[in-house]
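These are the residues of each chain, in order.
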Amino acid sequence: MLNPFPEILFLGHLAPTLLRIAAALCLGYSAYCILKERRAVLQTELPVIGKPGVALVWIATSITMLTAFALFFGYGTQVAAIVGGAIALKYGLFLPKRIQHLVPLSRGTYMLVFVICLSLLITGGGAFAMVLPL
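Being a predicted model, the structure only gives us computed values, none of them experimental. (Residues numbered from 1 in each chain as written. Predicted model: local features only at pLDDT ≥ 70, side-chain atom pairs only at ≥ 80, totals over all residues. Heavy atoms only, no water.)

Participant: Would you explain the side chain of Thr-17 in this entry?
Facilitator: On the secondary structure map, Thr-17 appears in helix α1 (residues 15–36). Here Thr-17 is in contact with Gly-125, Gly-126 and Ala-127, once residues within four sequence places are set aside. (Helix = DSSP H or I, 4+ residues; strand = E, 2+ residues; numbered from the N terminus. Contact = heavy atoms within 4.5 Å.)

Okay, structure coming up:
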């Protein structure tokens, strides 16, 4: 198949880097918004655990923020992609509609973040990433 822009094929290794940064920004924004609205989260009845405590909100947002930092800087990309995919799947698929207002992004966005994380797990982190040889 003919490529209309063959002179930019050398930039192919930057595509996973852009995907990694996009997933990191979405997860980081989610953690920031949940932490900013923590009073509303503390008052909401969650399906399995009931009302979350302050420590649980801080732990959940810390894990999400650390995953976002790991994806953004490319440190432990495959492990961060697994955790980020699990977080995106939790927010996008398993969060009931009645408490969907707690997360800032739509279900479709979280499903796209899940697919991006799955792609990063399979293909690697791209340029400027530390990928574990498995």
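Participant: Where do I start with the nonpolar core in this structure?
Facilitator: If you look at the biggest cluster of nonpolar residues, it comprises 25 residues, and the most contacted ones within it are Ala-23, Leu-27, Leu-71, Tyr-91, Val-103, Val-113 and Cys-117. Sorting the residues of this core by element identifies α1, α3 (54–73), α4 (77–94) and α5 (107–123) as the ones contributing at least two each. Contact partners of Val-113, with chain neighbours within four places excluded, come to Ala-23, Cys-26, Leu-27 and Ala-88. (Core = buried A, V, L, I, M, F, W, Y, C linked by side-chain atoms within 4.5 Å. Buried < 20%, exposed > 50% of the residue type's maximum accessible area, 1.4 Å probe, protein only.)

Participant: What is the right way to look at the packing of aromatic side chains in this model?
Facilitator: Under the defined criterion, the tally for this structure stands at three aromatic pairs. Taking 6.4 Å as the distance between ring centres and 20° as the angle between the ring planes, the aromatic pair formed by Phe-69 and Phe-73 counts as stacked. Residue Phe-69 and its partner Phe-73 are located together in helix α3, separated by four residues, close to a single helical turn. A relative accessible area of 45% means that Phe-69 is categorised as partly exposed. Ring geometry for Phe-72 versus Phe-73: centroids 5.1 Å apart, planes at 85°, classification edge-to-face. Judged by relative accessible area, which is 58%, Phe-73 ranks as exposed. (Phe/Tyr/Trp six-rings, centres within 6.5 Å; stacked < 30°, edge-to-face > 60°.)

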